[in-house]
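# Tertiary structure, described
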Amino acid sequence: GIDFSPAAGQIAEQWLKEKDLEGKVYVADFHQELSNFKTDEFDSVIAINSLQYIDSPEKIKPIFAEINRIVKTGGPIFIVVPSEISLIIQPDVMQVFFDKTTIEPLAQEYFDIVDLYKDKEKSWVIMAKNKSNIEPSEGIESSEVKELTS
């Protein structure tokens, strides 16, 4: 998996060991470094309240395109983004909220949507599978990704 926080990455690695599961943990900025991963590298993607740190809803397009590219064909995608009601208030941090008329067409462009709904926190939940016919996106900068090793 990918996490921005080295501490969270270490927790994930420990969990994998405790559960005797195989997997790799990377420390990376989800908004900039997805292009460093191979096509079909991940079985699935789970992104909870991590994609709203952009300055306009349109900037999620290259992120969605890269998520679609790095997830294996038919792989599950689970994304949670804030609505106008559930936005996490963080002064001096750029982020956007989504309404259904914004998030639904963006998600449909890149994923086969299984379900789209508001959760109990009033955030948008996208349950989807990747589409195999999407071209890779331009617009995500490449930088170094660090793989954690025990």
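Take the packing of helix α2 (residues 60-70) against helix α3 (residues 100-110) next. When two helices pack together, their arrangement is given by the angle between the helix axes and the distance between those axes. At a minimum axis distance of 9 Å, the contact between α2 and α3 shows a crossing angle of 35 degrees. Where α2 crosses over α3, the handedness of that crossing is right-handed. For the pair α2 and α3, the contacting residues are Ile60, Lys61, Phe64, Ala65 and Asn68 in the first and Ile103, Leu106, Ala107, Glu109 and Tyr110 in the second. Broken down by class, the residue content of the contact of α2 with α3 amounts to 7 nonpolar, 1 polar and 2 charged.

Scored by pLDDT, the protein has a mean of 81; 83% of the residues are at 70 or more. For the protein, per-element mean pLDDT is lowest for strand β7 (residues 146-147), which scores 48, and highest for strand β5 (residues 111-118), which scores 95.

A separate point is the packing of aromatic side chains. Under the criterion given, the structure shown has 3 aromatic pairs. Between phenylalanine 64 and tyrosine 110, the ring centres sit 6.4 Å apart and the planes meet at 70 degrees, which makes this aromatic pair edge-to-face. Pair noted here: phenylalanine 64 is in helix α2 and tyrosine 110 is in helix α3, with a separation of 46 residues, a long-range link. Both rings, one in phenylalanine 64 and one in phenylalanine 111, keep their centres 4.9 Å apart while their planes meet at 55 degrees; by these two values the pair is tilted. Pair noted here: phenylalanine 64 is in helix α2 and phenylalanine 111 is in strand β5, with a separation of 47 residues, a long-range link.

On to unusual backbone geometry. Of all residues except glycine, most have a negative phi; of all peptide bonds, most are trans. Positive phi is not limited to glycine here, since aspartate 20 has a value of about 55 degrees. Examined against the element boundaries, aspartate 20 turns out to sit in the loop between α1 (6-18) and β2 (26-27). By relative accessible area, aspartate 20 is classed as exposed at 70%. Of note in this structure, asparagine 49 is not a glycine but carries a positive phi near 50 degrees. Topologically, asparagine 49 is positioned in the loop between β3 (45-48) and α2.

Turning our eyes to something else, we now look at the pairing of β3. Taking every second residue as pointing to the same face, the buried face of β3 carries Val45 and Ala47, while none of Ile46 and Ile48 on the other face is buried. Bridge count for β3 against strand β4 (residues 76-81) is 4 bridges, and the pairing is parallel. Counterpart to alanine 47 in the pairing with β4 is isoleucine 79.

Bringing the environment of glutamine 10 into the picture now. For glutamine 10, the location among the structural elements is in helix α1. In the structure, glutamine 10 is positioned 17 residues away from valine 27 in sequence and 9.4 Å away in space, judged by C-alpha atoms.

Before going further, it helps to examine the nonpolar core. Counting 29 residues, the largest nonpolar core has Leu51, Phe64, Ile67, Ile79 and Phe111 as its most contacted members. Where this core is concerned, the elements lending two or more residues are β3, α2, β4, α3, β5 and β6 (124-130). If you tally residues by element for this core, the top one is α2, at 6 residues.

Cut-offs applied
Residues numbered from 1 in each chain as written. Predicted model: local features only at pLDDT ≥ 70, side-chain atom pairs only at ≥ 80, totals over all residues. Heavy atoms only, no water. Axes fitted to C-alpha atoms, helices over the stretch in contact; angles between N-to-C directions. Helix = DSSP H or I, 4+ residues; strand = E, 2+ residues; numbered from the N terminus. Left-handed = near helix turned anticlockwise from the far one by under 90°. Contact = heavy atoms within 4.5 Å. Nonpolar A, V, L, I, M, F, W, Y, C, P; charged D, E, K, R; others polar. pLDDT = per-residue confidence, 0-100. Phe/Tyr/Trp six-rings, centres within 6.5 Å; stacked < 30°, edge-to-face > 60°. Buried < 20%, exposed > 50% of the residue type's maximum accessible area, 1.4 Å probe, protein only. Pairing = 2+ DSSP bridges. Core = buried A, V, L, I, M, F, W, Y, C linked by side-chain atoms within 4.5 Å.

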